[in-house]
Amino acid sequence: MNNNQVWYPYRQMQHDFAEYEVVHAEKEFIFLKDGNRLIDGVSSWWAAIHGYNHPELNKVINEQVSKFSHIMLGGFTHQPVKQLASKLVEITPEGLNHIFFSDSGSVGVEVALKMAVQFWANKGQSIKNKFISLKGAYHGDTFKTMEVGDDSDYNQSFANVLNKGFYVSPPYNSNDTNKSIHELECILSNNSEKIAAFICEPILQGAAGFKVYGAEFLKIAYKLCKQYNVLFIADEVATGFGRTGKLFACEHARITPDIMVLGKGLTGGYIGHAATIVTSEVFNAFLGDNYETAFMHGPTFMGNPLACAVALKSIEIFDRDDYLLKIKQIEKIFIANFENFKDFRIKEIRILGGFIALEFIDNKVLEGFQSYAIENGVWLRPFGNCLYIAPSYIIEENSLIKLVYVIKEWFNK
Ligand SMILES: *Cc1c(COP(=O)(O)O)cnc(C)c1O
């Protein structure tokens, strides 16, 4: 059969790759057409936090399907969207009170950026329309999110189209915190009249190569934004829902961003959906007597009832079954297994909550790793010069140990 009708993501389609066909998935296991069973180490891009085929999540989504699977949010409302909004207000940092739903993380960030620009326009300061972001940032694949991103692998073909803003180097080494703060303060003091917002992936940058920086930087950056009248946007699409060990990564710095974006794990990996959550100060700037100040944006599938119903249940299970404790246990296993793991090919190992990344000096060490992993019954995907595990939080200890051992064994071959 022709294998190029489906255009796969981030893929040079000229090469003929074997795509592994999935026929079933359950808990932390993925079953392939050829009969192989793989332990999932990636959670379908960090989203499937409860693993697959969760009976309670299946049940709520099935119940909702039999009522209505979708209804436009223009002119209508429904219980799942209202209840999810109320739940998100309750669990996100104090002060985040209003939620705009959309269908993917990229759109959720896009919405945040549009809101930031219009926030200032509504206050008569339309000149405040630029952004500050972090070097190495990834915020999505749409145009404006590429603009605040910083990854040439993703956007070099569009270099002439993108209207880039300002960038700060995050302090990957805590000794560099003051340097990063200084960099940010210079940009702010010279340009704050042009800047709408500062945007970051708090604590853990994903596509940058799983880089980690301290909460101290985040805390001071937040203060500087307030001081210079610039909004603070936290893109928690990847870090939200426990990945860094706290429910939201902003909690490490005890800050309430002006705008927070959630995605990926929001629906427990069931359906694409995102939430852009704002403070009342942001929300109120859009109130007025006419449409000029209103937020004129409305994804067709925003607030989809299936997505909302499953997200609500996902959050309920997360809390009820003490997932933060499960994440702590995952972290302990990572630490116990990798704290003293040394190999001359490893540059750095980073562990944070339910996440570990191994960065290598040269990505040659990863040649052939993917097929070796599959042969050993695990699903782990090299990314640049890194290897990472972002397991579902329900993963059994022996499955997690297996993931760890497959990586360790690779160095003994
Ligand atoms: C994945 C991701 C996005 C984009 O989300 P999509 O649902 O893929 O559009 C945005 N920001 C961060 C930090 C992400 O990890």
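Check the entry above for the structure.
For clarity, every value in this text was computed on a predicted model and none was experimentally measured.

(A) Main features of the site of the ligand. The environment of the ligand is made up of S104, G105, S106, Y138, H139, G140, E201, D235, V237, A238 and K264. At 2.7 Å from a nitrogen atom of the ligand is found a side-chain nitrogen or oxygen belonging to D235. Out of a free accessible area of 380 Å², the ligand has 80% covered by protein chains. Among the residues forming the shell around the ligand, the class breakdown is three nonpolar, five polar and three charged.

(B) Fine view of helix α11 (residues 323-338). Between its first and last C-alpha atoms α11 spans 22 Å; for 16 residues at 1.5 Å apiece the expected length is 22 Å, and the two agree. Within α11, the full set of buried residues consists of Y323, I327, I330, E331, I333, F334, N337 and F338. Taken down its axis, α11 places every buried residue within 155° of arc, on the same side. In α11, the exposed positions angled more than 90 degrees off the buried face are occupied by K332 and A336. Next to the buried residues of α11 lie α10 (305-320), β13 (346-351), β14 (356-360), β16 (386-389) and α13 (397-410).

(C) Region of interest: helix α8 (residues 215-227). With 13 residues, α8 extends 18 Å between its outermost C-alpha atoms, agreeing within 8% with the 18 Å of an ideal straight helix rising 1.5 Å per residue. Burial in α8 covers these residues: A215, F217, L218, A221, Y222, L224 and C225. On its buried face, α8 is in contact with β5 (130-134), β6 (166-168), α7 (177-191), β7 (195-200) and β10 (231-235). Looking one or two residues past α8, N229 carries a phi angle of roughly 60°, positive in sign.

(D) Here's a closer look at the environment of S44. Relative to the assigned elements, S44 resides in helix α1 (residues 43-46). S44 sits in the partly exposed class, given a relative accessible area of 45%. In sequence terms S44 and G269 are 225 residues apart; their C-alpha atoms lie 7.5 Å from each other.

(E) Looking closely at the sheet that holds β16. What the three strands build is an open sheet, ordered β13-β14-β16; its pairing is antiparallel. Unpaired on one side and paired on the other, β13 and β16 mark the two borders of the sheet. When the angles between neighbouring strand axes are averaged without regard to direction, this sheet yields 10°. In terms of strand pairing, β13 meets β14 through five bridges, oriented antiparallel. The residue of β14 that forms the bridge with I346 is F360.

What counts, and at which threshold
Residues numbered from 1 in each chain as written. Predicted model: local features only at pLDDT ≥ 70, side-chain atom pairs only at ≥ 80, totals over all residues. Heavy atoms only, no water. Near = heavy atom within 4 Å. Polar contact = N/O pair within 3.5 Å; in protein donor to acceptor, adjacent residues only side chain to side chain. Areas by Shrake-Rupley, 256 points an atom, 1.4 Å probe, with all protein chains shown as cover. Nonpolar A, V, L, I, M, F, W, Y, C, P; charged D, E, K, R; others polar. Helix = DSSP H or I, 4+ residues; strand = E, 2+ residues; numbered from the N terminus. Expected span 1.5 Å × (residues − 1). Buried < 20%, exposed > 50% of the residue type's maximum accessible area, 1.4 Å probe, protein only. Arc of directions from axis to C-beta. Contact = heavy atoms within 4.5 Å. Pairing = 2+ DSSP bridges. Axes fitted to C-alpha atoms, helices over the stretch in contact; angles between N-to-C directions.

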